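Next come the chains, spelled out residue by residue.
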Amino acid sequence: MSCAYNARTMISAVAIDKQSRMSELRMLVDVDGYAVLPGIAAGQPTAQVAAGLGEIMLSWGGKLVQELTPKANSTPNTYSGLFGLDRFPFHTDLAHWPIPPRYLLLRCVRGYADVPTMILDGRAIASEIGGELMGRALVRPRRPRCGEVRMLRLQQSNGADEIIRWDAEYLKPASHVGELVFSSFQSIVAEATAIPAVMVDDGDVVIIDNWRMLHARPAIAPNRRDRRLQRVYLRNLA
């Protein structure tokens, strides 16, 4: 009886500890818009870690985990194809989708302190412009998606949450208000001071609220071309 009791107590303690850690993670992301989790994925497959943190979304092509490595040349109509080893501009992922992925998980495989993921608070930028104007600012994808061009708003309600979308490469203004707000948003981003989310060791993870935060990548120096991240999209946090 004693051994069985101890086993149940131990299992319960593990469950409570996980629940506590997930509650802390959700709080961090709710408050700051992102969270750095050093070493959380060390020795574990990225998909397994992601599944423990939230509900995984399939990306295009049906992939769970995407490999991100610097490339001097790549497929057209991708950031690597557009910018190569130069810096990537600030954006939210899949901003041209009607409902972009909620969370972005980046897992470090090979990282460098001087090549962090740069983060900006899109909610603060939207607040500076004004929610009413952001909600009226119509944009459109640069190219048709699924055979159609759908009008989108730079800020839209989704249940109790707000989605802020931004990508100056893949979104274009689609109204007079859209042009004005697009220009203002671009100017604020250009002057803003970003937060570096540093991942150095294999297993370091960053979670980003993709409905709120913009992210970017610095330029890649020749001796940093082996930088390697893995990306997973999450619908929610567990």
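Thresholds, definitions, all that
- Residues numbered from 1 in each chain as written.
- Predicted model: local features only at pLDDT ≥ 70, side-chain atom pairs only at ≥ 80, totals over all residues.
- Heavy atoms only, no water.
- Helix = DSSP H or I, 4+ residues; strand = E, 2+ residues; numbered from the N terminus.
- Pairing = 2+ DSSP bridges.
- Axes fitted to C-alpha atoms, helices over the stretch in contact; angles between N-to-C directions.
- Contact = heavy atoms within 4.5 Å.
- Phe/Tyr/Trp six-rings, centres within 6.5 Å; stacked < 30°, edge-to-face > 60°.
- Buried < 20%, exposed > 50% of the residue type's maximum accessible area, 1.4 Å probe, protein only.
- Lys NZ or Arg CZ within 6 Å of the ring centre and 35° of its normal.
- Arc of directions from axis to C-beta.
- Polar contact = N/O pair within 3.5 Å; in protein donor to acceptor, adjacent residues only side chain to side chain.
- Expected span 1.5 Å × (residues − 1).
- Core = buried A, V, L, I, M, F, W, Y, C linked by side-chain atoms within 4.5 Å.
- 1 Å grid on protein atoms, 1.4 Å probe; cavity = no way out; pocket = protein on both sides within 12 Å on 5 of 7 lines; lining within 4 Å.
- Points joined across faces, edges and corners; volume = space filled by probe spheres on them.
- Nonpolar A, V, L, I, M, F, W, Y, C, P; charged D, E, K, R; others polar.

Asker: Got a minute to help me understand the environment of alanine 124 in this structure?
Answerer: Here alanine 124 is to be found in helix H4 (residues 122–129). In the structure, alanine 124 is positioned 88 residues away from arginine 212 in sequence and 9.0 Å away in space, judged by C-alpha atoms.

Asker: Would you mind going over the sheet that holds strand E6 (residues 117–121) with me for this structure?
Answerer: Two pairing modes exist for strands in a sheet, parallel and antiparallel, and in both the strands are linked by backbone hydrogen bonds. Spatial strand order, E4-E14-E6-E12: 4 strands in an open sheet with antiparallel pairing. One side of each edge strand has no neighbouring strand; the edge strands of this open sheet are strand E4 (88–91) and strand E12 (195–197). Here the average twist between neighbouring strands, direction ignored, is 25°. Bridge count between E6 and E12: 3 bridges; the pairing is antiparallel. Within E12, the position partnered with threonine 117 by the bridge is alanine 197. The strands that H4 touches are E6 and strand E14 (213–217); relative to E6, the one it contacts most, it runs at about 35°.

Asker: I tried to follow the packing of aromatic side chains on my own but got confused; where do I start?
Answerer: Given two aromatic rings, their pairing is described by the distance between the two centres and the angle made by the two planes. Here the structure, examined in full by the defined rule, presents 6 aromatic pairs. Relative to phenylalanine 185, the ring of tryptophan 166 lies with its centre 4.4 Å away and its plane at 25°, an arrangement referred to as stacked. You can see tryptophan 166 sitting in the loop between strand E10 (161–164) and strand E11 (171–173) and its partner phenylalanine 185 sitting in helix H6 (residues 176–191), a full 19 residues away along the chain. The residues tryptophan 166 and phenylalanine 185 share a single accessibility class, namely buried. Over the ring of tyrosine 170 we find arginine 142; its NZ or CZ atom is 4.7 Å from the centre of that ring. One Lys or Arg, arginine 217, reaches over the ring of phenylalanine 88 and ends 3.8 Å from the middle of that ring.

Asker: Explanation requested: the pairing of E10 in the structure shown.
Answerer: As paired elements, strand E9 (residues 155–158) and E10 share 4 bridges and run antiparallel to each other. In the strand pairing of E10, glutamine 155 is matched with isoleucine 164. Linking E9 back to E10 in an antiparallel pair, the connection comprises 2 residues, with glycine 159 at a positive phi of about 65°.

Asker: What exactly am I supposed to notice about unusual backbone geometry here?
Answerer: With glycine set apart, most residues show a phi of negative sign, and most peptide bonds adopt trans. The phi torsion at leucine 94 lies on the positive side, around 55°, for a residue other than glycine. By the secondary structure assignment, leucine 94 is in the loop between E4 and strand E5 (103–110).

Asker: Teacher, can you tell me more about H4 here?
Answerer: One turn of an α-helix holds 3.6 residues; hence residues three or four places apart share an orientation. Here H4 has its buried residues at Gly122, Ile125, Ala126 and Ile129. Buried residues of H4, seen end-on, are gathered within an arc of 100° and therefore sit on one face of the element. Facing away from the buried side of H4 by over 90 degrees, the exposed positions are Ser127 and Glu128. Capping the start of H4, aspartate 121 holds a side-chain oxygen 3.0 Å from the backbone nitrogen of arginine 123, two or three residues further along.

Asker: So what exactly am I meant to see when it comes to H6 here?
Answerer: Taking 1.5 Å as the rise per residue, H6 with 16 residues should run 22 Å; its terminal C-alpha atoms sit 23 Å apart, in good agreement. Among all positions of H6, only Val177, Gly178, Val181, Phe182, Phe185, Ile188 and Val189 are buried. Down the axis of H6, the smallest arc covering the buried residues is 135°, so these residues share one side. Of the exposed residues in H6, the ones pointing more than 90 degrees away from its buried face are His176, Leu180, Ala190 and Glu191.

Asker: It is not clear to me how the nonpolar core should be interpreted in this structure. Could you clarify?
Answerer: Note on soluble globular proteins: their nonpolar side chains tend to be buried together. Judged by nonpolar contacts, the single largest core of 24 residues is most densely connected at Met134, Leu154, Trp166, Phe185 and Val189. Of all the secondary-structure elements, those providing two or more residues to this core are E6, H4, H6 and E14. Judged by nonpolar contacts, the second largest core, of 16 residues, contains Leu25, Leu37, Val49 and Leu237.

Asker: Just to check I follow, could you spell out empty space enclosed by the protein for this structure?
Answerer: Using a probe with the size of a water molecule, rolled over the atoms, empty space left in the structure can be pinpointed. The final tally for this structure, using the stated rule, is 1 cavity of 30 Å³ or more. Estimated volume of the largest cavity: approximately 40 Å³. Around the largest cavity, the lining residues are Gly111, Tyr112, Val115, Pro116, Thr117, Ala197, Met199, Arg227 and Leu229. Here the lining of the largest cavity is built from residues that sort into 6 nonpolar, 2 polar and 1 charged.

Asker: What is the right way to look at the side chain of histidine 215 in this model?
Answerer: Considering the arrangement of structural elements, one finds histidine 215 in strand E14. One polar contact links histidine 215 to aspartate 93, side chain to side chain, over a distance of 3.1 Å. Every residue in contact with histidine 215, bar those within four places of it in the chain, is listed here: Pro89, Phe90, His91, Asp93, Leu104, Thr117, Met118, Ile119, Ile208 and Asn210.

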